[in-house]
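Okay, here's what each chain looks like letter by letter:
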Amino acid sequence: MNLPATGRRVLVSGASRGLGRAVAQAFAAQGDRVAVHYHSRRTEAEATLASLGGTGHVLVGGDISDPAGAARVAEEAFEGLGGIDVLVNNAAVNVRHPLPETSYEEWAAQWQQHVAVNLLATANLSHLAGRRMIEQGTGGRIVNVGSRGAFRGEPDHPAYGATKAAVHALGQSLAVSLGPYGIGVASVAPGFFETERVAARLEGAEGAAIRAQSPFGRVGGAEEIAGAVRWLASPEAEWASGTVLDLNGASHLRT
């Protein structure tokens, strides 16, 4: 399959800020064209778009937790880019809902939201992009953003941990399914990394405890995670298809 090393057409979901922005910037920096997806943070997504090097990038907005919304986002991205070579499933929700403190009504609502955004949107965008890649006949890459929490447990965020474990499993299933078409599928499983959203948690005693989870005494950077995503999407990473790549600074070791 003739997957180019640069100049590719890349859709990044949830790219208005944080890791999504870093991923979009990483691809743009190597000459790829990026569709920057957002749901409600248009102003921040426009800032992401403005920060990208190169030309030919597009902005696509929509609610990908709704199947019809995901289809519209994908079609706008494919039309704006002229096709699709790489999909990065980054969009996610992560709301605290520990069972002992959460009412049943809120518990059920949080599970529905986490499943809709973290899992079903990932599955639906993967279908839409995968089918387009098959039609193009040039191969492609799908990279999913999972989590360390899928392996170590998330007592305060159980739906997040569970849906990220499902995302890892989905990626491995699709790796086997799409390999014959030259489409590699892999996932990253980051530990705690610094973004605007979690900046407050890194202050004071909680921040010190979070940093102490890693023997390096720090948390990750969004750019470090984005670099791994970019590599997994590269032509050289075809043999990494099916992998779940731990990126947690040895804060959690799997066996």
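Let us look at the structure shown here. Owing to the predicted nature of the structure, the values given are computational and were not obtained by experimental measurement.

What about the nonpolar core?
Then step 1. One finds Leu19, Val23, Phe27, Val34 and Val88 to be the most contacted residues of the largest nonpolar core, which totals 31 residues.
Then step 2. Broken down by secondary-structure element, the contributors of at least two residues to this core are β1 (9-12), α1 (18-29), β2 (33-38), β4 (86-89), β5 (140-145), β6 (183-190) and α8 (222-232).
Then step 3. Excluding anything up to four places from it in sequence, Val34 contacts Val10, Val12, Ala24, Phe27, Ala28, Leu52, His57, Val58 and Leu81.
Then step 4. Counting residues in each nonpolar core, the second largest holds 25 residues, with Val73, Ala91, Met133 and Val185 among its members.

Structural notes on the packing of α1 against helix α2 (residues 42-51)
Then step 1. Two numbers describe how α1 lies on α2: the axes approach to 9 Å, and their chain directions differ by 20°. Considering the angle they form, α1 stands roughly parallel to α2. Pair α1 / α2 crosses with right-handed handedness. From α1, Arg21, Ala24 and Gln25 reach across to α2, where they touch Glu44, Ala47, Thr48 and Ser51.

Observations regarding the side chain of Ser16
Then step 1. By the secondary structure assignment, Ser16 is in the loop between β1 and α1.
Then step 2. Filtering out sequence-adjacent residues up to four positions away, Ser16 remains in contact with Arg21, His37, Tyr38, Arg41, Glu44, Ala45 and Thr48.

Thoughts on the pattern of salt bridges
Then step 1. Per the counting criterion, the structure on display carries twelve salt bridges.
Then step 2. As a salt-bridge pair, Arg9 and Asp85 come within 2.9 Å of each other at their nearest N and O atoms. With Arg9 in strand β1 and Asp85 in the loop between α3 (67-81) and β4, the pair connects residues that are 76 residues apart, well separated along the chain. Each of the two residues, Arg9 as well as Asp85, counts as buried.
Then step 3. Taking the shortest distance from any N to any O, the salt bridge between Glu206 and Arg201 comes out at 3.0 Å.
Then step 4. By relative accessible area, Glu206 is classed as partly exposed at 38%.
Then step 5. The class of Arg201 is partly exposed, set by a relative accessible area of 36%.
Then step 6. One salt-bridge network, in which partners are shared between bridges, spans Glu75, Arg132 and Glu135.

Quick notes on the rules
- Residues numbered from 1 in each chain as written.
- Predicted model: local features only at pLDDT ≥ 70, side-chain atom pairs only at ≥ 80, totals over all residues.
- Heavy atoms only, no water.
- Core = buried A, V, L, I, M, F, W, Y, C linked by side-chain atoms within 4.5 Å.
- Buried < 20%, exposed > 50% of the residue type's maximum accessible area, 1.4 Å probe, protein only.
- Helix = DSSP H or I, 4+ residues; strand = E, 2+ residues; numbered from the N terminus.
- Contact = heavy atoms within 4.5 Å.
- Axes fitted to C-alpha atoms, helices over the stretch in contact; angles between N-to-C directions.
- Parallel < 35°, antiparallel > 145°, perpendicular 65-115°, else oblique.
- Left-handed = near helix turned anticlockwise from the far one by under 90°.
- Salt bridge = Lys/Arg side-chain N within 4 Å of Asp/Glu carboxyl O.

Nothing here speaks to function; it is geometry throughout.
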